[in-house]
Amino acid sequence: MKLLKLLAAISFFAIFSFGAKAQTVTITQPNGGEMLYVCQTYTIMWNQTGSPSNYWNIDYSLNNGATWASVASNYLATNGQFVWTVPPVQSSICLVRVYDAITPTTVDQSDAVFSINIPVTLTAPNGGEVWQAGTVNNITWNTIAVGTIFNIDY
């Protein structure tokens, strides 16, 4: 009888252990090639499988993963999304990574780099000009993906 109970316990353990799914996380955006703009809100998205804790750490890198800065720690996400305010920096070699706060080995990062750009670039004056008082001079800029109303300060 004891042997039968022992075999039943071993069978249950084997079925439970091998039948459990491994936990995974896969970033779906940004996953490479995106162009984001300073101070925009952008939804970081990921898929999760297995039995995740639903508490996530989210980081970004501006130098292809050489160093990382925290976006959120122990963030409770049951839907695999985080609304991120893009930092005020420019880089063309950015990555995002998401990892389980309880099991940090469950991790994924963007498959390829994305860019963060400054949406307004001042073209004139851009340095070295000497303007005389009382004269009219043009202030010009290029814009990408921003509104049509601007404040000009000096």
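Residues numbered from 1 in each chain as written. Predicted model: local features only at pLDDT ≥ 70, side-chain atom pairs only at ≥ 80, totals over all residues. Heavy atoms only, no water.

Focus on the layout of surface pockets
We apply this condition: For cavity detection a 1 Å grid was placed over the protein atoms alone, and a set of points counts as a cavity when a 1.4 Å probe fits there but cannot get out; an open set counts as a pocket when protein lies on both sides within 12 Å along at least five of seven lines, with lining residues being those that have an atom within 4 Å of a point. Grid points are joined across faces, edges and corners, and a volume is the space filled by probe spheres set on the points. Classification convention: Asp, Glu, Lys, Arg as charged; Ala, Val, Leu, Ile, Met, Phe, Trp, Tyr, Cys, Pro as nonpolar; all other residues, Gly among them, as polar.
In this structure, the largest pocket occupies an estimated 230 Å³ of space. Looking at the largest pocket, the residues that line it are V120, L122, P125, W131, I139, W141, F150, N151, I152, D153 and Y154. Broken down by class, the residue content of the lining of the largest pocket amounts to nine nonpolar, one polar and one charged.

Observations regarding the packing of aromatic side chains
Keep this limit in mind: Aromatic rings from Phe, Tyr and Trp, taking only the six-membered ring of Trp, are treated as a pair when their centres fall within 6.5 Å; an angle between ring planes under 30 degrees marks them as stacked, one over 60 as edge-to-face, and anything in between as tilted. Counting from the N terminus, the helices are the DSSP runs of H or I reaching at least four residues and the strands are the DSSP runs of E reaching at least two. Whether a residue is buried, partly exposed or exposed follows from its accessible area with a 1.4 Å probe, protein chains only, as a fraction of its type maximum: under 20%, in between, or over 50%, in that order.
Tallied over the full model, the rule gives three aromatic pairs. Between Y60 and W84, the ring centres sit 5.5 Å apart and the planes meet at 40 degrees, which makes this aromatic pair tilted. With Y60 in strand β4 (residues 55-61) and W84 in strand β6 (residues 81-85), this pair connects stretches of sequence that are 24 residues apart. One exposure class covers both Y60 and W84, and it is buried.

Description of unusual backbone geometry
The peptide bond linking Q29 to P30 adopts the cis configuration, its omega dihedral lying at 0 degrees. If you trace the backbone, P30 turns up in the loop between β1 (24-29) and β2 (35-37). With phi around 70 degrees, C39 is a residue other than glycine that occupies positive phi space. Residue classification places C39 among the exposed positions, given a relative accessible area of 52%. Positive phi, normally seen in glycine, also occurs at N74, with a value near 50 degrees. For N74, the position within the fold is in strand β5 (residues 69-76).

A short note on the nonpolar core
Nonpolar side chains tend toward joint burial in soluble globular proteins. Selection rule: Each nonpolar core is a collection of buried residues, namely Ala, Val, Leu, Ile, Met, Phe, Trp, Tyr and Cys, held together in the definition by side-chain atoms within 4.5 Å. By definition in these notes, contact holds between two residues if any of their heavy atoms fall within 4.5 Å.
I44, W46, I58, W84, V96, V98 and I116 are the most contacted members of the largest nonpolar core, which has 20 residues in total. Where this core is concerned, the elements lending two or more residues are β1, β3 (41-49), β4, β6, β7 (91-100) and β9 (114-117). Non-local contacts of I44, meaning those with residues more than four positions away in its chain, are made with Q29, P30, I58, G80, Q81, F82, W84, V96 and V98.

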